[in-house]
Amino acid sequence: MSSGEAVQDVRKPSPGGGTVELRLEGVSRWYGNVVAVNGISMTIGPGVTGLLGPNGAGKSTLIHMMGGFLPPSSGTVTLDGAPVWKNPDVYRRLGLVPERETAYDFLTGWQFILAMAKLHKLPDPAEAARRAIALVEMDDAAGRAIGGYSKGMKQRIKMASALVHDPPVLLLDEPFNGMDPRQRLQLMDLIRRMAAEGRTILFSSHILEEVERLAQHIEVVVAGRHAASGDFRKIRRLMTDRPHIFMVRSADDRRLAAAVIADGSARSVQLTEKGLRVEAVDFQRFTWLLPRLARDAGVRLWEVSPSDESLESVFSYLVAR
Amino acid sequence: MNATIAMITLRSMLGRRRALLLLGLPALMLVLAGILRATGIADMEVSVTVLQRIALMTLLPLLALIAGTGVIGPEIDDGQIMYVLTKPVPRQVIVLTKLAVAIGLIVVFAVLPTLVAGLLLIGTAEGLASAFTVGVLVGGVAYGAIFVALGVISRNAVTVGLLYALVWESLLGNFAPGARSASVQQWALSVTDALTGVADVTSTVDLGVAVPLLALVTVAGTLLAVVRLRSLSVASAE
């Protein structure tokens, strides 16, 4: 993907000066007998890093530990050598966008961001708030109460709250959840710009395509373990080089099933209560082909989704390697 | 103290339905005091009963519970506290600010209404109104610290607080004399007792014991809240 390369090329010292590094060393976290994160070591540097894994893989636990909200049961998380747990000083260089939607709903966007700027004790909080709000393009809505915002707007105002002190490191927990495609593109664009300024950005997602479009570097976590790490192309190849399972709902599942089988682009097609379960041989080709097959067969497509189970199996496949 | 945290806390407290509760309880007491005065029933004995049973033993613990747990509990529950915790603000400043807002609310919605109710009932006679006002104030500070700490520690702060205020202080105190001494209400009453000559006002705890205990509970509650907030970890969804 060209934008990925472009961002990689413009890596430069972060806004705070120097290269900021978030380092995890042998980090584990368990709750009672349940191990949520198991011996993970990774270093997050400037640019966009995607933390990819299925739901429940331990991504949020990891981000919470990176953000100093959860002590590792063992191992260390450091930001440029300084521990993040019980060290509120790291928040001068760290911005965190939590997954939960709640902000202070009774405040307006402007009041919220101004309050955050004041809490950071910035020299000119009003100017910093204005800049952060402009950065996420929320100028027009800043006068309205956050409680009335759409999901995408809430996400952007949360982004502004994390950016108000211009931190060199930004952690985003599932930032695209619940966003519509347009909001998604806007946020991706914003994250790319942030990265182009030299920031270290880590975002989590369970959706491969999101990560692929945005991150140069991918860390894959499955069942609390570090499954893969590296360039998105390499991981993409690992992931596409295997059968994919799609759940398809349409106006006439039987007729669509017949068309898919006749075409030969699927290894198997199963008629289930929830729709068609299609095991495609080639991910790219199938996503390109399915709408055409449906059109030719005169069947209206309602929903095409890579099934969660399939993602899970993609990840298990990675772990197995 | 941090003015920004105080502003957000105050707005969240007064913006929610909780504000109606805050207002409703003292309003009821004031209406009762007004009726008692208008009907001429309000003698010294009745006044002591109202100020002790209603202001000190009912209104104060309930309001302190709403204010103390409310300034921090819901914010932790719904994760908003993250926005404050991800700032380079020392944890003790956060706790002290929250406590100050809670005490401010207790003063407005419990201490001042107690003074007004006292003046309505009996005027300035025997210093009863001002004595109960001071008693409710010192009790309110101690309760505030206890309930702020409870708000940080427990996700069921309101339930635990209610059990403490109602079961421990009211019921147990009636059956076990020893438990009565370990009661914020009795300590506050002891302070009130020292400030008025009215014979009906008596506490089971000496002033020399009550004052240090009030101070101890206030400091301990505050410290506990700071320590627990420092190591507050988010409940992970996973």
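Predicted model, so just to flag it, every value in this text is computed and none were measured.

Moving on, we get to the overall build of chain A. Across its full length, chain A holds 11 helices and 14 strands. Considering chain A as a whole, with its 321 residues, one finds that 46% of them fall into the buried category. Looking at chain A alone, contacts between residues at least 24 apart form 69% of all its contacts between residues at least 6 apart.

This next bit is on the interface of chain A and chain B. Taken together, the 27 residues of chain A in the interface contact 23 residues of chain B. Counting only elements with at least two residues in the side of chain A that touches chain B, the list comes to helix H2 (59-66) and helix H3 (109-119) of chain A. It is H3(A) that contributes the most residues to the side of chain A that touches chain B, four residues altogether. Classifying every residue of the side of chain A that touches chain B by side-chain character gives 14 nonpolar, eight polar and five charged.

It is worth spelling out the sheet that holds strand S8 (residues 200-205) of chain A at this point. All names here are of chain A. Taken together, the six strands give an open sheet; going across it, the order is S6-S7-S8-S3-S9-S10, and neighbouring strands pair in mixed fashion. Two strands close off the open sheet at either side, each with one partner strand: strand S6 (94-97) and strand S10 (225-231). When the angles between neighbouring strand axes are averaged without regard to direction, this sheet yields 15 degrees. The pairing of strand S3 (residues 47-52) with strand S9 (residues 217-222) spans four bridges and is parallel.

The subject of this paragraph is helix H7 (residues 128-153) of chain B. Given a rise of 1.5 Å per residue, 26 residues ought to cover 38 Å, and the 37 Å separating the end C-alpha atoms of H7(B) matches this to within 8%. Burial analysis of H7(B) places 23 of its 26 residues in the buried class, which makes it a mostly covered element.

Attention now goes to the confidence of the model for chain B. Scored by pLDDT, chain B has a mean of 90; 96% of the residues are at 70 or more. Complex prediction metrics read pTM 0.79 and ipTM 0.88.

Within the element layout of this structure, Asn33(A) appears in the loop between strand S1 (22-31) and strand S2 (34-44). Taking the C-alpha atoms as reference points, Asn33(A) and Glu219(A), 186 residues apart in sequence, are found 25 Å from one another.

Further remarks concern the nonpolar core. Counting residues in each nonpolar core, the largest one holds 152 residues, and the members touching the most others are Ile113(A), Ala160(A), Ala55(B), Leu63(B), Ile106(B) and Val148(B). Setting aside chain neighbours within four positions, we find Ile106(B) in contact with Leu63(B), Ala64(B), Ala67(B), Val111(B), Gly140(B) and Gly144(B). The next biggest cluster of nonpolar side chains, apart from the first, holds 15 residues, and it includes Leu256(A), Val278(A), Ala294(A) and Val299(A).

The next point concerns the packing of helix H3 (residues 44-70) of chain B against helix H10 (residues 184-195) of chain B. Residue and element names in this part refer to chain B. Running from amino to carboxyl end, H3 crosses H10 at an angle of 125 degrees, the nearest separation of the two axes being 10 Å. The angle between H3 and H10 places the two elements in the oblique class. The handedness of the crossing between H3 and H10 comes out as right-handed. On H10, the residues that touch Gln52, Leu56 and Met57 of H3 are Gln185, Ala188 and Leu189.

This part is about the environment of Asp140(A). All names here are of chain A. Here Asp140 lies in the loop between helix H4 (125-135) and helix H5 (151-163). Look at Asp140 and you get exposed, because 9 C-beta atoms sit within 10 Å. With 71 residues separating them in the primary sequence, Asp140 and Phe69 have C-alpha atoms 33 Å apart.

Our focus in this paragraph is the sheet that holds strand S14 (residues 301-306) of chain A. Residues and elements named next belong to chain A. With antiparallel pairing, four strands are arranged side by side in an open sheet as S12-S13-S11-S14. The open sheet has two edge strands, strand S12 (266-272) and S14, and neither has a second partner. Mean inter-strand twist for the sheet, computed between neighbouring axes without regard to direction, equals 20 degrees. Looking at chain direction, S12 and strand S13 (residues 275-280) are connected through six bridges and run antiparallel. Considered in S13, the bridge of Leu271 is made with Leu276.

All names here are of chain A. Of all six residues in S3, six are buried, a share of seventy percent or more. A two-sided burial pattern is seen for S3, the buried positions comprising Gly47, Thr49 and Leu51 on one face and Val48, Gly50 and Leu52 on the other. Sheet topology note: the S3/S8 ladder contains six bridges and is parallel. Across the sheet, the residue bridging to Gly47 is Thr200, located in S8.

Take the pairing of S6(A) next. Residue and element names in this part refer to chain A. Of the two faces of S6, the one lined by Leu94 and Leu96 and the one lined by Gly95 and Val97 are each fully buried. Here S6 runs beside strand S7 (residues 169-172); their pairing, made up of four bridges, is parallel. Residue pairing across strands places Leu94 opposite Val169, the latter belonging to S7.

Residues and elements named next belong to chain A. Phi at Glu137 takes a positive value of approximately 55 degrees, unusual for a residue other than glycine. The topology assignment puts Glu137 in the loop between H4 and H5. Its identity as a non-glycine residue notwithstanding, Glu174 has a phi of 45 degrees, on the positive side. Looking at the element boundaries, Glu174 is found in the loop between S7 and helix H6 (181-196).

The rules behind the values
- Residues numbered from 1 in each chain as written.
- Chains lettered and ligands numbered in written order.
- Predicted model: local features only at pLDDT ≥ 70, side-chain atom pairs only at ≥ 80, totals over all residues.
- Helix = DSSP H or I, 4+ residues; strand = E, 2+ residues; numbered from the N terminus.
- Buried ≥ 20, exposed ≤ 12 C-beta atoms within 10 Å, placed from the backbone.
- Contact = placed C-beta atoms within 7 Å.
- Nonpolar A, V, L, I, M, F, W, Y, C, P; charged D, E, K, R; others polar.
- Pairing = 2+ DSSP bridges.
- Axes fitted to C-alpha atoms, helices over the stretch in contact; angles between N-to-C directions.
- Expected span 1.5 Å × (residues − 1).
- pLDDT = per-residue confidence, 0-100.
- Core = buried A, V, L, I, M, F, W, Y, C linked by C-beta atoms within 7 Å.
- Parallel < 35°, antiparallel > 145°, perpendicular 65-115°, else oblique.
- Left-handed = near helix turned anticlockwise from the far one by under 90°.

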